[in-house]
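# Overview (structure and organization)
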Amino acid sequence: MVVVMKPGAGQSQVEHVIRRVREMGLKEHVIVGTERTVVAVIGDDRNKDRSVLEVLDGVDKVVPILAPYKMASVEVHKERTVVPLGGRLGGSIGGTRIGVIAGPCSVESRQQLLEVALAVKEAGAVALRGGAFKPRTNPYSFQGLAEHGLELLAEAREQTGLAIVTEVMSVDQMPLVGRYADVLQIGARNMQNFNLLAAAGEQPRPVLLKRGISATLEEFLLAAEYILARGNTNVMLCERGIRTYEEYVRNTLALAAVPELHRVSHLPVVVDPSHGTGKRHLVDAMCRAAVAAGADGLIVEVHADPEHALTDGAQSITPRQFADMMRAIRRIAAAVDREA
Ligand code: PEP
Ligand code: MN
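These notes cover the structure that comes with them. This one's a predicted model, so the numbers in the text were calculated from it and none came from an experiment.

## A closer look at the pattern of salt bridges
Enumeration according to the criterion identifies 19 salt bridges in this entry. A salt bridge links R129 to E301; the shortest N-O distance between them is 3.4 Å. You can see R129 sitting in strand β8 (residues 127–129) and its partner E301 sitting in strand β14 (residues 297–301), a full 172 residues away along the chain. Here R129 and E301 have matching classes, each one buried. A salt bridge links R250 to D312; the shortest N-O distance between them is 3.1 Å.

Right, dumping it as structure tokens:
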């Protein structure tokens, strides 16, 4: 960080700043300008509280230079991370091939799940999504099939080889979900459940971390940092739309987050155009736009009978629409030197 003194700040005020910087275990480099003095702080100050310096007499402002997250940052980790998904297909997300995760919002029945799983596999998905534990706004809505849903997901993996991506909502569910899942999803509503993030960092499965509906990118990356800091380096960031004043969509899909996250972080970025729009007719175009913007993966809700889906039918596409979308993104992927 850089401490900018007010014009006319005295020598004793600058010296006081220097003393506090040294007490923090850091070094200073003082630059005396014609208008003001600037104290550049040298050393890793990510975990230092800059408000301590901000309130000192004679200080105008403190400008952070380093991102507050470390392991998630390109400053610390230059190579891009490729996350292996597991499953017999051996897919991954983060390399040249764009990984597509597809399946129903919720696991509803054996027939529903297997039908979709076979279809999305056929169309080129590398992983099957499906919630067995559902975070629902209304406590009277369908809450998921719980362990039975996980068993069905495992059966679908057996039949198709697809890796299984499914949500874990709490620390106590972690061992159970981890027994069945290849990838743990942490949902938007849990992005700042710090105990859950830490627990996800201490288990071996890769994590798909969804952006909270009102989270800034910095908060999103700090949430990822919780997982990384506990030792799990297989983290994927999922942009799934944020809440805005707009009403023509359920959430506003922030596609600029894709190149921005790539600029500041080495973690792969997955786009969820289903929750990101809430509207089936917008999903295909947003998949294409996400690939054009450099997304490393997509997660898409697919249902054979969306009208009767127990959750998120309005944003679920059919297997046929999914297959068409896959064909379309292959052409976009080729245009941006990727494969799908
Ligand atoms: C989901 O993937 O079905 C889901 C609930 O997502 P989010 O946490 O992004 O709302
Ligand atoms: Mn959903």
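Having seen it, we continue.
## Description of the packing of helix α7 (residues 217–229) against helix α8 (residues 257–264)
Packed helices, taken two at a time, are described by the angle between their axes plus the distance between the axes. Taken N-terminus to C-terminus, the directions of α7 and α8 make an angle of 55°; their axes are 12 Å apart at the nearest point. Taken together, the axes of α7 and α8 are oblique relative to one another. Helix-helix and strand crossings are classified by hand; for α7 and α8 the assignment is right-handed. Together, L217, F220 and L221 of α7 and A257, E260, L261 and V264 of α8 make up the contact between the two elements.

## Here's the deal with unusual backbone geometry
If you check the backbone angles, D312 has positive phi at about 55° while not being a glycine. Along the chain, D312 falls in the loop between β14 and α11 (319–335). In this structure, D337 takes a positive phi of about 60° despite not being glycine. Secondary-structure assignment places D337 in the segment after α11.

## Regarding α7
In a regular helix each residue adds 1.5 Å, so 13 residues correspond to 18 Å; α7 covers 18 Å between its end C-alpha atoms and thus fits that length. Buried within α7 are the following residues: F220, L221, A223, A224, E225, I227 and L228. On the buried face of α7, the contacting elements are β10 (183–186), α6 (194–201), β11 (207–210), β12 (235–239) and α8. Looking one or two places after α7, you find G231, whose phi comes out positive at around 110°.

## A closer look at the sheet that holds strand β3 (residues 37–42)
The antiparallel open sheet is built from four strands, whose spatial order is β2-β3-β1-β4. Unpaired on one side and paired on the other, β2 (27–32) and β4 (59–63) mark the two borders of the sheet. Mean inter-strand twist for the sheet, computed between neighbouring axes without regard to direction, equals 20°. Bridge analysis of β2 against β3 gives six bridges, and the strand direction is antiparallel. Note that in β3 the partner of V32 across the bridge is T37. Helix α1 (residues 11–23) contacts β1 (2–5), β2, β3 and β4 of the sheet and is inclined by roughly 155° relative to β2.

## Let's talk about the site of ligand 1
Residues in contact with ligand 1 amount to 13 residues; listed here are only the nearest, R129, K134, Q185, A188 and R240. Contact distances for ligand 1 include 3.4 Å between an oxygen atom and a side-chain N or O atom of E301. Protein contacts shield 97% of the accessible area of ligand 1, which totals 300 Å² for the unbound molecule. Across the shell around ligand 1, the residue classes break down as three nonpolar, three polar and seven charged.

## Here we look at the coordination of the manganese ion (ligand 2)
In an ideal tetrahedron of four donors about a metal, each angle is 109.5 degrees. In an ideal octahedron of six donors, the angles are 90 or 180 degrees. Within the protein, C105 (SG), H275 (NE2), E301 (OE) and D312 (OD) serve as the donor atoms for the manganese ion (ligand 2), at 2.0 to 2.4 Å. Within one chain, the residues donating to the manganese ion (ligand 2) are spaced in sequence as C-x169-H-x25-E-x10-D. A residue pair is termed long-range when its members are at least 10 positions apart, and H275 in helix α9 (residues 273–277) and D312 in the loop between β14 and α11 qualify at 37 residues.

## A look at α11
With 17 residues, α11 should reach 24 Å at 1.5 Å per residue; the first-to-last C-alpha distance of 25 Å fits that figure. Inspection of α11 places F322, A323, M325, M326, A328, I329 and A333 among the buried residues, and these make up the whole buried set. On the buried face of α11, the contacting elements are β7 (99–103), α3 (110–123), α10 (280–292) and β14. After α11 finishes, the residue D337 shows a positive phi value of roughly 60°.

Definitions and limits used
- Residues numbered from 1 in each chain as written.
- Chains lettered and ligands numbered in written order.
- Predicted model: local features only at pLDDT ≥ 70, side-chain atom pairs only at ≥ 80, totals over all residues.
- Heavy atoms only, no water.
- Salt bridge = Lys/Arg side-chain N within 4 Å of Asp/Glu carboxyl O.
- Helix = DSSP H or I, 4+ residues; strand = E, 2+ residues; numbered from the N terminus.
- Buried < 20%, exposed > 50% of the residue type's maximum accessible area, 1.4 Å probe, protein only.
- Axes fitted to C-alpha atoms, helices over the stretch in contact; angles between N-to-C directions.
- Parallel < 35°, antiparallel > 145°, perpendicular 65-115°, else oblique.
- Left-handed = near helix turned anticlockwise from the far one by under 90°.
- Contact = heavy atoms within 4.5 Å.
- Expected span 1.5 Å × (residues − 1).
- Pairing = 2+ DSSP bridges.
- Near = heavy atom within 4 Å.
- Polar contact = N/O pair within 3.5 Å; in protein donor to acceptor, adjacent residues only side chain to side chain.
- Areas by Shrake-Rupley, 256 points an atom, 1.4 Å probe, with all protein chains shown as cover.
- Nonpolar A, V, L, I, M, F, W, Y, C, P; charged D, E, K, R; others polar.
- Donors = N, O, S within 2.8 Å, 3.2 Å for Na, K, Ca; no water.

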